[in-house]
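Chains, contacts and geometry: an overview
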Amino acid sequence: MPQQSGDPTLRGLLLTRGYLGLLLIAALVGVPVSLAAFGFVSLEHELQHWIWESLPEALGHDRAPWWWPLPLLLIAGLLVAPIVTRMPGRGGHVPVDGLGGAPTLPKAVPGVILAALVCLPLGALLGPEAPLMAMGSGLALLAVSSARRAAQPRLAPVLGAAGSTAAISTIFGSPLVAAVMMIEAAGLGGPQLVALILPCLLASGIGALVFTGFGHWTGLSIGALSLPSVPSSGTPDPGDFLWGVPVAVLVAVVCVAGQLLGRRVKVFTVGDPNGPGGPASVPTVRQTAIRTVLCAVAVGVVIAAYALMTGRSPEEDALSGQATLGALAANPGAWSEGALLALALCKTVGWGIALGSLRGGPIFPAILIGATIGVACGPLPGFGVAPGMAAGLAAAGAAVTRLPLTSTVLAAALLGSDATDEMPLLIVASVTAFITGELVRNLTDRRTPARTPAPAA
C-alpha cells in the first residue's frame, strides 16, 4: 500500500500518485490473472467430469462404482507426495491453515497448480478456492519486480489481495463475495480499509467480466458454487429461529471438529516443531511422502464407505461438493434421513483428513456439510427444509472461515431471490456459528498441553 505523504486524510491517500498507479496495476493485472484462473477451473472441471462420469460409462458402469475412489485417491497421493515434499512452495499451504497468509511468491505458483490439478479432480474432499487465491496472488506479484516489493513492503499484500480476488471473482457465485472476503479477512479500518477495497473491487469486477465473457465464448463450465434451484421459503417465523439457532450450533461443532481432525492429521504428515517432541518429532521428507499417500488412501476409504452404506454414488461424497450441493438444493427429498446423516459424517471425516494432508480449499466441502445437516433437520416440528438449508449454509461458512459477514453474503448469494426472506435467519445463524466455533476452539486449546517452543536455529 502506498505511503501517505503530506495529507493524512482519505482524500490525500487516494490522490497520491503511487496509489493511482496501484489501481492501474490492479486493473491491468486482473485480466491475465482472470484468464489463468478461467483456464485452471475449466481444466479442473473437465478432468473431474471425465474421471467421475465419462470414464465409468466407458467401462460399462452406469455410475462410478463404490470402489472407484480407492485407486483414484491412491494415484492422487502418489502424485501429490513429491510435489508437497520437493517443489518450491510445497504445493501451497496445508488447507487446515485456512486460505493462506502472506502472498504466494511467483516461483511457488507451478507447484500450487500441479498439486490442485492432482488432488481436486481425483476426488480430494477440498475446494478450488485456496489454490485459485494462491495462483492469483503469485501471478499478480509478477507485475512488479522483487526489488520494488522490497522497497515498498505494503505493495505486495495489496497487490496479492487484488490478484487473489480477481482469481476467485466468480467461483463463489458472485464477485462481491470475493471482495467482501478479502476485506473482512484483512481486518483494517479507516483510510486503510478503503485503500484495500478499491483494488479488490476493481480486480474482482474485471475478473468476473473475463470469466463471464470467456464462459460464453468457449462454452466451458467453471463449476462455480451456485444453486440453480432452491427449496421454496416463506416469511420467517418463530419456529425457524427456535430450531435455526441450535442447528447453527450443531453445524459449527461438526465443522470445527473436522478442522481439529485436520490439525491432528497435519501433525502426522508434516509434524509440529513447536510440539512436545520439538524439531526431532518432525518427520523426514520420505516419511511425509508416505504419510501423505496413506492419508489420501484413507480419504478414498471414507468415500467408498459412504457409497457402501447408502447404495448411492461415491461421487456425492467425493470432490468439493459443488455438484452435490446443487442436487441437494434442487431435490432434497431424494436423500433419506440416513443418507443425509451418512453424507454429513463421511464428508466431515474425509474432509478433516484431507485438510491436514492434501491440497485445496476448505470452504466448499464445509458448505455442503452445513447444508446437509440443515436439510436433515428440516423435518423438525415448526422448521422446514428451506430455513434448515439457509441456516446450515451460513453457519458452516462462519464456523470454518471465521468471517461471519462473508458467510452471510455468500449464503445470500447462493439463495438468490429467497435470501431477502431468509436474511434475518442467515445473520443469526452466522453469528451463532461464529461464536460457537470460537468457544469450541478456546475449550480445545485449554485442554491441549502447553507446548515447549522449539529452540532457535
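Analysis parameters
Residues numbered from 1 in each chain as written. Predicted model: local features only at pLDDT ≥ 70, side-chain atom pairs only at ≥ 80, totals over all residues. Heavy atoms only, no water. Helix = DSSP H or I, 4+ residues; strand = E, 2+ residues; numbered from the N terminus. Buried < 20%, exposed > 50% of the residue type's maximum accessible area, 1.4 Å probe, protein only. Contact = heavy atoms within 4.5 Å. Areas by Shrake-Rupley, 256 points an atom, 1.4 Å probe, with all protein chains shown as cover. Phe/Tyr/Trp six-rings, centres within 6.5 Å; stacked < 30°, edge-to-face > 60°. Expected span 1.5 Å × (residues − 1). Axes fitted to C-alpha atoms, helices over the stretch in contact; angles between N-to-C directions. Left-handed = near helix turned anticlockwise from the far one by under 90°. Nonpolar A, V, L, I, M, F, W, Y, C, P; charged D, E, K, R; others polar. Salt bridge = Lys/Arg side-chain N within 4 Å of Asp/Glu carboxyl O. Patch = residues over 30% accessible without salt bridge, like charges linked within 9 Å, V, L, I, M, F, W, Y side chains within 5 Å. pLDDT = per-residue confidence, 0-100.

Broken down by element type, the protein chain carries 17 helices and zero strands. A total of 457 residues make up the protein chain; the buried ones form 53% of that total. Restricting the contact set of the protein chain to residue pairs at least 6 apart, pairs at least 24 apart contribute 78%. Carbon together with sulfur atoms contributes 67% to the accessible area of the protein chain, which is approximately 18,500 Å² in total.

Scanning the model with the defined rule gives one aromatic pair in all. Between Trp67 and Trp68, the aromatic rings sit 5.6 Å apart at their centres with planes inclined by 50°, giving tilted as the arrangement. For Trp67, a relative accessible area of 33% corresponds to the partly exposed category.

Its 12 residues give helix 16 (residues 404-415) an end-to-end C-alpha distance of 17 Å, which sits within 8% of 16 Å, the value for a rise of 1.5 Å per residue. For helix 16, a buried count of nine out of 12 residues is recorded, marking the element as mostly surrounded by other parts of the structure. Within the sequence span of helix 16, burial applies to Pro404, Thr406, Ser407, Thr408, Leu410, Ala411, Ala412, Leu414 and Leu415. Of the residues one or two after helix 16, Gly416 is the one with positive phi, at around 65°.

Along the chain, Met135 falls in helix 5 (residues 129-141). Sequence separation between Met135 and Ala36 is 99 residues, and the spatial gap between their C-alpha atoms is 8.5 Å. Other than its neighbours up to four places away in sequence, Met135 contacts Ala36, Ala37, Phe40, Val109 and Ile113.

So, on to the environment of Leu35. Assignment of secondary structure puts Leu35 in helix 2 (residues 17-58). The class for Leu35 is partly exposed, based on a relative accessible area of 34%. Along the primary structure Leu35 and Ala166 are separated by 131 residues, whereas in three dimensions their C-alpha atoms are 9.6 Å apart.

Attention now goes to the packing of helix 16 against helix 17 (residues 419-447). Running from amino to carboxyl end, helix 16 crosses helix 17 at an angle of 150°, the nearest separation of the two axes being 9 Å. As for how helix 16 packs across helix 17, the hand of that crossing is right-handed. Contact residues: helix 16 offers Pro404, Ser407, Thr408, Ala411, Ala412 and Leu415, while helix 17 offers Ala419, Glu422, Met423, Leu426, Ile427, Ser430 and Phe434. Of the residues in the contact of helix 16 with helix 17, the class split is nine nonpolar, three polar and one charged.

As a working rule, side chains carrying opposite charge can pair if their charged atoms are close by. Scanning the model with the defined rule gives five salt bridges in all. Among the ionic pairs, Glu316 bridges to Arg312, the shortest N-O distance being 2.9 Å. For Glu316, a relative accessible area of 14% gives the class buried. Between Arg402 and Glu438 there is a salt bridge whose closest N-O contact spans 2.8 Å. A residue pair is termed long-range when its members are at least 10 positions apart, and Arg402 in the loop between helix 15 (385-401) and helix 16 and Glu438 in helix 17 qualify at 36 residues. The class of Glu438 is partly exposed, set by a relative accessible area of 24%. A cluster of three or more residues bridged by salt bridges with shared partners is formed by Arg402, Glu438 and Arg441.

A contiguous nonpolar surface patch, about 450 Å² in accessible area, is contributed by Trp66, Trp67, Leu70, Val301 and Leu308. The residue Trp67 is located in the loop between helix 2 and helix 3 (69-86) in this model.

So, about the confidence of the model for the protein chain. The share of residues in the protein chain with pLDDT of 70 or more is 78%, and the mean pLDDT across the chain is 83. When the criterion is pLDDT under 50, residues 1-7 qualifies, and its contacts beyond four places in sequence or with other chains add up to 16 contacts. Confidence drops under pLDDT 50 across residues 450-457; counting only partners more than four residues distant or on other chains, this segment forms 10 contacts.

So, on to unusual backbone geometry. Here Arg90, not a glycine, exhibits a phi torsion of approximately 55°, which is positive. On the secondary structure map, Arg90 appears in the loop between helix 3 and helix 4 (109-119). Exposure remark for Arg90: the relative accessible area of 42% places this residue in the partly exposed category. Residues other than glycine seldom take positive phi values, yet Arg402 does so here, at roughly 60°.

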